Amino acid sequence: MNFPYSKKKWMSISLAALLTTALGAGTLTASANTGSDQAKAPTTVQASNDKVAAEAGKDNVSTPDAAAEEELTLDKAIEQAFKTNVTLQNARLDAKNADINNSITYRSTAQMTADMLDSLDAAQAKFVRSAQSEMTKKLNALAVKTTEGKIKLGAQDAYYKLIFAQDDLNLKKQSLARAEAQLKVAKAAFDVGTNAKTDVLEAEMGVAGAKAQLTTAENNLEIAVMDLNDFLGVDLQKEWKVVSANKQMAPISITMKEAEKQALSKRLEITKAEEELKLAELNVKLIAEYTAASTLSGQQARNNVEKSQLAIDEAKRTVSKDVAQAYFNLKAAREAIDFQKAAKDSAAESYRLKNLRYENGLATTLEVIQSEEALSTRENEYQKAVLSYNLAVVNFENALGN
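All of these numbers come straight from a predicted model, not from anything done at the bench.

Before going further, it helps to examine the overall build of the protein chain. Scanning the protein chain from terminus to terminus reveals 11 helices and three strands. Written out in order from the N terminus, the α and β elements of the protein chain read α-α-β-α-β-α-α-α-α-β-α-α-α-α. Relative to its full complement of 402 residues, the protein chain shows a buried share of 39%. On the protein chain, roughly 21900 Å² of surface is accessible, and the fraction owed to carbon and sulfur atoms is 53%.

And the structure:
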């Protein structure tokens, strides 16, 4: 449709007035920065078959059922896992059974008097078995502690994945809201004759794509809820009021050398290797006392001492390598947050300016849709960067032996 220049100008002014009246001033441009880097208020997270409302402002509406739901913080998730996680419960029971067996062994060796220790076998039966029993008891306690550490980290992992699944859902709702606003603009422009039908069809495709992504996000949230409940050892359909205020964003506050020192003093594999060295050295001492260190048994015992020393060195190298890898991954993940935030902010500004151009007839519907898709992608990448950093923190803590 061809208009004289004056008529085109009148139509542009009329369109701007129409859009302002129909949608409210700044509806599109204001929606470019609806995401927030701040911690959200408690959000009800549940596995629901109901469609989530597209409007971003409906996330935290209170309902009578929500009041009955249990609040879940990161600390509460860890506490719940300590109570009901099946793996941890089994580890504690295994340690108790092992301690019972050790008590039986200790009692039997304690009954051996000095006059009964007339041979190397008898001495080994008393002292080596007794030392081995004590070592086993110590390692059992450390194993339970290590399992508790892994369960704590697993609870953190599942918790973070849940709150970020909720964040992703919120982003998809924002994206759908922007797409629907763009469709309203396209329809309004078409109704006054300034846009072609193809603009409406393109906007409709944008809405359809945003709805498909929202459905995927809803499904992912349901799975995240079920995964968390499964790890915690509670009803798979249990609903939580999740408090997502535990996101890690601060830069690393420890040097790699300090981290390595911590890990070398805490990791179970090093303690185990050191205890085995003590046992091997005790065996050498008994052989020298009851026979001779130069015997074949003595030579084997000394070789076992050397092997134990090598095992300690190997364990330390492995731990140092684990810490270094976790540290570098943590550092890279933290830097990625800053990069992705800058990209997200730039995409939001680009989307805002593109809408201004569109409202003034200087950009097409397709350009606005493409700009919105770019913004949605950058928002998702930023959230993924924050999630990756939080999971990197979890893995780093694990490498330290915490």
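A word on the packing of helix α9 (residues 268–290) against helix α10 (residues 296–359). Two elements in contact, α9 and α10, have axes separated by 9 Å at closest approach and are oriented at 165°. Considering the angle they form, α9 stands roughly antiparallel to α10. Between α9 and α10 lies a crossing whose hand is left-handed. By residue class, the composition of the contact of α9 with α10 is 12 nonpolar, six polar and six charged.

Mapped onto the elements, alanine 189 comes out in helix α6 (residues 120–191). Under the relative-accessibility criterion, alanine 189 is labelled buried at 0%. Separated by 170 residues in sequence, alanine 189 and glutamate 359 have C-alpha atoms that sit 9.7 Å apart.

Further remarks concern the packing of aromatic side chains. Within the structure shown, the criterion is met by three aromatic pairs. Relative to phenylalanine 328, the ring of tyrosine 327 has its centre 6.2 Å away and its plane inclined at 75°; by these criteria the two rings are edge-to-face. Put simply, the rings of Tyr327, Phe328 and Phe396 touch in pairs and so form one group of aromatic residues.

Membership of the largest hydrophobic core comes to 68 residues, with the highest contact counts inside it found for Tyr159, Tyr160, Leu162, Leu232, Tyr358 and Phe396. Looking at this core, the elements with two or more residues in it are α4 (74–84), α6, α7 (197–232), β3 (240–242), α8 (256–266), α10 and α11 (365–400). Each of two domains, domain 1 (70–246) and domain 2 (250–401), supplies a minimum of three residues to this core. Leave out the neighbours within four places in its chain, and tyrosine 358 touches Gln182, Val185, Ala186, Ala189, Asn195, Ala363, Thr364, Thr365 and Val368.

Here we come to α10. Helix length check: α10, at 64 residues, gives a terminal C-alpha distance of 93 Å against a target of 94 Å (1.5 Å per residue), a fit within 8%. After α10 finishes, the residue glycine 361 shows a positive phi value of roughly 75°.

Conventions adopted
- Residues numbered from 1 in each chain as written.
- Predicted model: local features only at pLDDT ≥ 70, side-chain atom pairs only at ≥ 80, totals over all residues.
- Heavy atoms only, no water.
- Helix = DSSP H or I, 4+ residues; strand = E, 2+ residues; numbered from the N terminus.
- Buried < 20%, exposed > 50% of the residue type's maximum accessible area, 1.4 Å probe, protein only.
- Areas by Shrake-Rupley, 256 points an atom, 1.4 Å probe, with all protein chains shown as cover.
- Axes fitted to C-alpha atoms, helices over the stretch in contact; angles between N-to-C directions.
- Parallel < 35°, antiparallel > 145°, perpendicular 65-115°, else oblique.
- Left-handed = near helix turned anticlockwise from the far one by under 90°.
- Nonpolar A, V, L, I, M, F, W, Y, C, P; charged D, E, K, R; others polar.
- Phe/Tyr/Trp six-rings, centres within 6.5 Å; stacked < 30°, edge-to-face > 60°.
- Core = buried A, V, L, I, M, F, W, Y, C linked by side-chain atoms within 4.5 Å.
- Domains from an automatic or database assignment.
- Contact = heavy atoms within 4.5 Å.
- Expected span 1.5 Å × (residues − 1).

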